[in-house]
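The residues making up each chain are set out below.
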Amino acid sequence: MSPQVLLPVAIVFLVGIGFAIQAPLNASLGKAIGSGVGAAAISFGVGFVALTILTLAFGQGPAFARALAAPPLLWIGGLLGAGVVWAMLWSVPVIGILTAFAALLLGQLGAALVLDAMGAFGAPVTPITLKRVLALAMVAGGLILSRL
């Protein structure tokens, strides 16, 4: 694997570890405060503060003003992220971390397969192939196996 590919894969891998830790932490916070939605809001609030500080530290503060001119559709990502955080913190105590993440991953990969084929949002077009469908089926199998 080339360094151009290895670095992003390594970073996303490490962030994935953090994401796996985030779900049970948020679930525990929700239990501690008696509100899953409140815990999700706190999680997003802490993330908002951290990302605002980074934006300003990198001298990219004017991006906030330019965001007002962006198409409203592009702002929906925050709503989708909120849904992910809430769904994970709600489901982890019910079905466990592994099964929750297997279901999340299956949904992400299924959507990614279609979005890649469409070249959605400026991504390069990557056709649906048998190999990619089989990879998705393997994840579905993992979801099923996680509950046996």
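None of the values given here were measured: they were computed from a predicted structure.

Caption draft 1: Here's a closer look at the overall build of the chain. For the chain, the count of helices and strands is six helices and zero strands. Listing the helices and strands of the chain from first to last along the sequence gives α-α-α-α-α-α. Taking all 148 residues of the chain together, the buried fraction comes to 17%. By sequence separation, contacts in the chain at least 24 residues apart represent 55% of the contacts at least 6 residues apart.

Caption draft 2: Spotlight on the nonpolar core. Within the largest apolar cluster, six residues are counted, these being Ala23, Met88, Val92, Ala100, Phe101 and Leu104. Elements that contribute at least two residues to this core include exactly helix H4 (76–95) and helix H5 (97–118). A per-element tally of this core places H5 first, with three residues. The residues touching alanine 100, leaving out its near neighbours within four places in the chain, are Met88, Ser91, Val92 and Ile95. In this structure, Ala27, Ala39, Ala40 and Val85 belong to the second largest nonpolar core, which totals five residues.

Caption draft 3: Structural view of the packing of helix H2 (residues 36–57) against H4. Where H2 contacts H4, the axes come no closer than 9 Å and their chain directions differ by 130°. By the criterion of interaxial angle, the relationship of H2 to H4 is oblique. Crossing of H2 over H4 shows right-handed handedness. Mapping the contact onto sequence places Gly36, Val37, Ala39, Ala40, Ser43 and Phe44 in H2 and Gly78, Gly81, Ala82, Val85, Trp86 and Leu89 in H4. The residue makeup of the contact of H2 with H4, split by class, is eight nonpolar, four polar and no charged.

Caption draft 4: Representation of H4 within the structure. Across its 20 residues, H4 extends 28 Å between first and last C-alpha, which sits within 8% of the 28 Å expected from 1.5 Å per residue. Those residues of H4 that are buried are in contact with helix H1 (3–33), H2 and H5.

Caption draft 5: Structural detail: the environment of serine 146. With respect to the element layout, serine 146 can be found in helix H6 (residues 130–146). Apart from residues lying up to four places away in sequence, serine 146 is in contact with Leu98 and Thr99. Looking at serine 146, its side chain comes within polar contact range of the side chain of threonine 99, at 2.9 Å.

Caption draft 6: Just the packing of aromatic side chains, in detail. One pass over the full model with this rule turns up two aromatic pairs. For the ring pair phenylalanine 19 and phenylalanine 101, a centre distance of 5.3 Å and an interplane angle of 90° mean the geometry is edge-to-face. On the criterion of sequence distance, the pair formed by phenylalanine 19 in helix H1 and phenylalanine 101 in helix H5 is long-range, its members being 82 residues apart. Under the relative-accessibility criterion, phenylalanine 101 is labelled buried at 17%. Measuring from ring centre to ring centre gives 5.7 Å for tryptophan 86 and tryptophan 90, while their planes differ by 15°; the resulting arrangement is stacked. Of this pair, tryptophan 86 and tryptophan 90 are both found in helix H4, four residues apart, which corresponds to roughly one turn of the helix. Looking at tryptophan 86, the relative accessible area reads 35%, which means it is partly exposed.

Caption draft 7: A look at a nonpolar patch on the surface. A cluster of nonpolar side chains, Leu68, Leu73, Leu74, Trp75, Ile76, Leu79, Leu80, Val114, Leu115, Met118 and Phe121, forms an exposed patch at the surface whose accessible area comes to about 1200 Å². Residue assignment for the nonpolar patch shows that the elements contributing at least two residues are H4 and H5. Tracing the sequence through the fold places leucine 80 in helix H4. Overall, leucine 80 belongs to the exposed group, its relative accessible area being 57%.

Rules and cut-offs
- Residues numbered from 1 in each chain as written.
- Predicted model: local features only at pLDDT ≥ 70, side-chain atom pairs only at ≥ 80, totals over all residues.
- Heavy atoms only, no water.
- Helix = DSSP H or I, 4+ residues; strand = E, 2+ residues; numbered from the N terminus.
- Buried < 20%, exposed > 50% of the residue type's maximum accessible area, 1.4 Å probe, protein only.
- Contact = heavy atoms within 4.5 Å.
- Core = buried A, V, L, I, M, F, W, Y, C linked by side-chain atoms within 4.5 Å.
- Axes fitted to C-alpha atoms, helices over the stretch in contact; angles between N-to-C directions.
- Parallel < 35°, antiparallel > 145°, perpendicular 65-115°, else oblique.
- Left-handed = near helix turned anticlockwise from the far one by under 90°.
- Nonpolar A, V, L, I, M, F, W, Y, C, P; charged D, E, K, R; others polar.
- Expected span 1.5 Å × (residues − 1).
- Polar contact = N/O pair within 3.5 Å; in protein donor to acceptor, adjacent residues only side chain to side chain.
- Phe/Tyr/Trp six-rings, centres within 6.5 Å; stacked < 30°, edge-to-face > 60°.
- Patch = residues over 30% accessible without salt bridge, like charges linked within 9 Å, V, L, I, M, F, W, Y side chains within 5 Å.
- Areas by Shrake-Rupley, 256 points an atom, 1.4 Å probe, with all protein chains shown as cover.
- Salt bridge = Lys/Arg side-chain N within 4 Å of Asp/Glu carboxyl O.

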